[in-house]
Amino acid sequence: MSAQVRKYFVCANSSAGFYSFFHENLNDLDRVYILKGGPGTGKSTLMRRIGDYFLKKGYDIEHIYCSSDPSSLDGLIIPKLKAAIVDGTQPHVIEPTAPGALEQYVNLGIAWDLEFLSSCRQEILQLRADASVAYKDLYAHYEKALAIHDEWEKLYIEAMDFDKAEAFRELVCDTLLDYPKVNREPKEKHRFFGASTPEGTVDFLMELTEPFAKRYFIKGRPGTGKSTLLRAIAQKALNLGYDTEIYHCSFDPKSLDMVLVPALSLAFFDSTAPHEYFPQRNGDQFLDTYKAFIQAGTDENNQDAIADFQSRYQEEIGKGRIALKAAKDAHDQLETIYIQATNFDILDGFYEQLKDSINQLR
C-alpha cells in the first residue's frame with residue numbers, strides 16, 4: 001500500500017477567538033522544526049516540498065492546514081520519524097519545551113532584503129493593523145452568532161427527555177464499543193476536521209473517515225446531545241485503552257464534532273450542516289438524537305422561532321466571513337511585499353538542510 005496523506009486543522013478562528021491545539025499534536029515527537037519568517041516567505045511551500053519528498057520515500061505524512069487560508073499549510077508531521085515542521089509565527093506562536101534538544105528554530109528571515117522591507121515599514125504596519133481590526137470584527141460576529149445558537153439549542157433542550165438521552169448514550173457506548181480492555185495508556189489527540197474560511201466552510205471529514213470500516217453519522221438539531229454523545233464515546237474508548245482522536249467544532253471548540261478510534265476502525269461524527277453527509281457504503285449507519293429523545297413535533301411546533309434563529313445566526317456568520325476575507329486580503333498584500341524582499345535561492349538551501357536533518361532520523 002502506498003504512503004498516505006492525512007489532512008486536518010489544529011487551529012480555528014472561532015467564537016472564542018483564535019483557538020489552537022498545536023501543542024497537543026506535537027507533544028510526543030522527537031524533533032520539531034519551528035519556522036520563523038513573515039508572510040509570503042515560503043513556509044508553506046517549504047513544508048509541502050519536504051512532505052512530498054518523504055511521501056515518495058514511503059512515509060505517511062500529515063498536512064496541518066491553515067484555517068485563515070486553507071490553500072496554505074500550518075504544519076507537517078511525519079509520524080514514523082516522529083518529526084514535524086511547523087509555522088511558528090503569529091497567531092500560532094509555539095514556545096519550545098526543550099530548545100535545541102527537541103525544537104529547533106529555522107529563521108527564514110535571513111533571506112530578506114532588509115533595506116527593501118525598511119522602505120515599506122509604514123505600509124507593513126498599516127496592513128498588520130488592518131488585519132488585526134478585521135480579526136476583532138470576525139470574533140465579535142462569531143460571539144454574537146454563538147449567543148444566537150445557544151438560544152436555538154435551548155428550544156430543543158427544553159423538549160429533551162433526559163432519561164432517554166442518558167439511556168441512548170449508554171446503549172451506544174455498551175453496544176458499539178463492546179471491545180476488550182487493553183492494558184496500556186492511551187493517547188488522545190485534539191484537532192479540527194474543518195474550518196470557517198474566507199471561501200466558506202472547508203472540511204476533510206470524508207477523507208479522514210474513508211479508511212474506517214464502521215462510520216456512524218450522527219443526526220440531530222442544535223442542543224440535542226450530539227456533542228455529549230461524542231464525549232461519552234471518546235471517554236469509553238480511552239477507558240478501554242485505545243488511542244482516540246477527538247475533533248472539536250471549529251465554531252465552538254467546547255463542542256465535539258467527531259471521534260475516531262483507529263485501532264477499532266470506528267468513526268463517529270456530527271453529520272449536520274455545515275458538514276452534512278449521508279451513508280455511502282456498507283458499514284455506514286445513522287444515529288439520530290432528535291428521534292431518540294426529543295419530543296415529537298418540536299420542529300413543526302416551533303417553525304417560526306427556528307427560522308428566526310437560522311436567519312439571525314447566518315447573518316452574523318456572513319458578517320464574520322466578510323471580516324475574515326478582509327483579514328486575508330491584508331495578509332495577501334503583506335505576502336506581496338515579503339515575496340519581493342525574499343531571496344528564494346537561500347530558501348532552497350533551507351530545504352536541503354531540513355531534508356538532510358530529517359533523513360538522519362530514519
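The paragraphs below set out a description of the structure included in this document. In this text, all values refer to a predicted model and were calculated from it rather than measured experimentally. (Residues numbered from 1 in each chain as written. Predicted model: local features only at pLDDT ≥ 70, side-chain atom pairs only at ≥ 80, totals over all residues. Heavy atoms only, no water.)

1. Observations regarding the overall build of the protein
The condition that has to hold: Think of it this way: any DSSP run of H or I at least four residues long counts as a helix, any run of E at least two long counts as a strand, and we number them from the N terminus. As a reference, a globule follows 2.2 Å times the number of residues to the power 0.38, and the radius of gyration itself is taken over C-alpha atoms. Think of it in three bands: with a 1.4 Å probe and only protein chains considered, a residue is buried below 20% of the maximum accessible area for its type, exposed above 50%, and partly exposed in between. Only heavy atoms enter the contact rule, under which two residues are in contact if any of them lie within 4.5 Å. Neither His nor the chain ends is counted toward charge; the positive residues are Lys and Arg and the negative residues Asp and Glu. Where a charge lies is defined by one atom per residue type, namely NZ (Lys), CZ (Arg), CG (Asp) and CD (Glu).
Check the secondary structure of the protein and you find eleven helices and 16 strands. On C-alpha atoms alone, the protein measures out to a radius of gyration of 22 Å, which is about the 21 Å that the 2.2 N^0.38 rule sets for 362 residues. On the principal axes, the C-alpha backbone points of the protein span a range of 70 × 50 × 35 Å. Here the protein holds 362 residues, and 52% of them are scored as buried. Counting contacts in the protein only where the partners sit at least 6 residues apart, residues at least 24 apart contribute 79% of the total. Between the averaged position of the 40 positive side-chain charges in the protein and that of its 54 negative side-chain charges there is a distance of 4 Å.

2. As for the packing of helix 5 (residues 162-176) against helix 7 (residues 226-239)
Rules: Here, axes are lines fitted to C-alpha atoms. For helices the fit covers the stretch in contact, and angles between N-to-C directions go from 0 to 180 degrees. Note on convention: near helix rotated counterclockwise from far helix by under a right angle means a left-handed crossing. Clockwise means right-handed. The nonpolar class holds Ala, Val, Leu, Ile, Met, Phe, Trp, Tyr, Cys and Pro. Asp, Glu, Lys and Arg form the charged class, and all remaining residues, Gly among them, are polar.
Packing of helix 5 against helix 7 leaves a shortest axis separation of 10 Å and a crossing angle of 35°. Considering how the two elements wind past one another, helix 5 and helix 7 form a crossing that is right-handed. The residues of helix 7 that touch helix 5, namely those facing F168, R169, V172, C173 and D174, are T228, L229, A232, I233 and K236. Classifying every residue of the contact of helix 5 with helix 7 by side-chain character gives six nonpolar, one polar and three charged.

3. With respect to helix 7
Since there are 3.6 residues in each turn of an α-helix, residues three or four apart along the chain are aligned in direction. The criterion, for reference: What a helix should span is 1.5 Å times the count of its residues minus one.
Look at helix 7: 20 Å from first C-alpha to last across 14 residues, which is about the 20 Å you get at 1.5 Å a residue. For helix 7, every residue scored as buried is listed here: K226, S227, L229, L230, I233, A234, A237 and L238. Once helix 7 finishes, G241 follows within two positions and takes phi at roughly 95°, a positive value.

4. Structural notes on the sheet that holds strand 15 (residues 266-270)
Two pairing modes exist for strands in a sheet, parallel and antiparallel, and in both the strands are linked by backbone hydrogen bonds. The criterion, for reference: What makes two strands pair is DSSP finding at least two bridges between them.
The six strands lie next to each other as 9-13-14-15-12-16, forming an open sheet whose pairing is mixed. Sheet topology places strand 9 (188-191) and strand 16 (284-288) at the edges, where each strand pairs with a single neighbour. Between one strand axis and the next, the sheet turns through 15° on average, direction left out of account. Along the sheet, helix 5 makes contact with strand 12 (214-219), strand 15 and strand 16, crossing strand 16 at roughly 160°.

5. Digging into the packing of aromatic side chains
Condition: Here a Phe, Tyr or Trp ring, Trp counted by its six-membered ring, pairs with any other such ring whose centre lies within 6.5 Å, and the pair is stacked when the planes are under 30 degrees apart, edge-to-face when over 60, and tilted otherwise. We count a charge as sitting over a ring when the NZ of a lysine or the CZ of an arginine lies within 6 Å of the ring centre and within 35 degrees of the ring normal.
Evaluated as defined, the whole model comprises 18 aromatic pairs. Relative to F54, the ring of Y53 lies with its centre 4.9 Å away and its plane at 85°, an arrangement referred to as edge-to-face. Both residues of the pair, Y53 and F54, belong to the buried class. Arranged with centres 5.7 Å apart and planes meeting at 85°, the rings of F251 and Y313 form a pair that is edge-to-face. Placement of the pair is F251 in the loop between strand 13 (244-248) and strand 14 (256-261) and Y313 in helix 10 (residues 303-340), with a sequence separation of 62 residues. Here the aromatic cluster, defined as three or more aromatic residues joined through ring pairs, consists of Y142, W152, F251 and Y313. Lying across the ring of Y8, R191 places its NZ or CZ 4.1 Å from the centre. Above the face of the Y290 ring, R221 is positioned so that its terminal group lies 4.0 Å from the ring centre.

6. Digging into the pattern of salt bridges
What counts here: Should a side-chain nitrogen of Lys or Arg be within 4 Å of a carboxyl oxygen of Asp or Glu, the pair is scored as a salt bridge.
Going through the model one piece at a time under the given rule, you end up with 20 salt bridges. Residues R191 and E245 are paired through a salt bridge, measuring 3.4 Å at the closest nitrogen-oxygen approach. Residue R191 is located in strand 9, and its partner E245 is located in strand 13; the two are separated by 54 residues in the primary sequence. Neither residue differs from the other here; R191 and E245 are each classed as buried. Linked through salt bridges whose partners overlap, the residues forming this network are R6, E62, R191 and E245.

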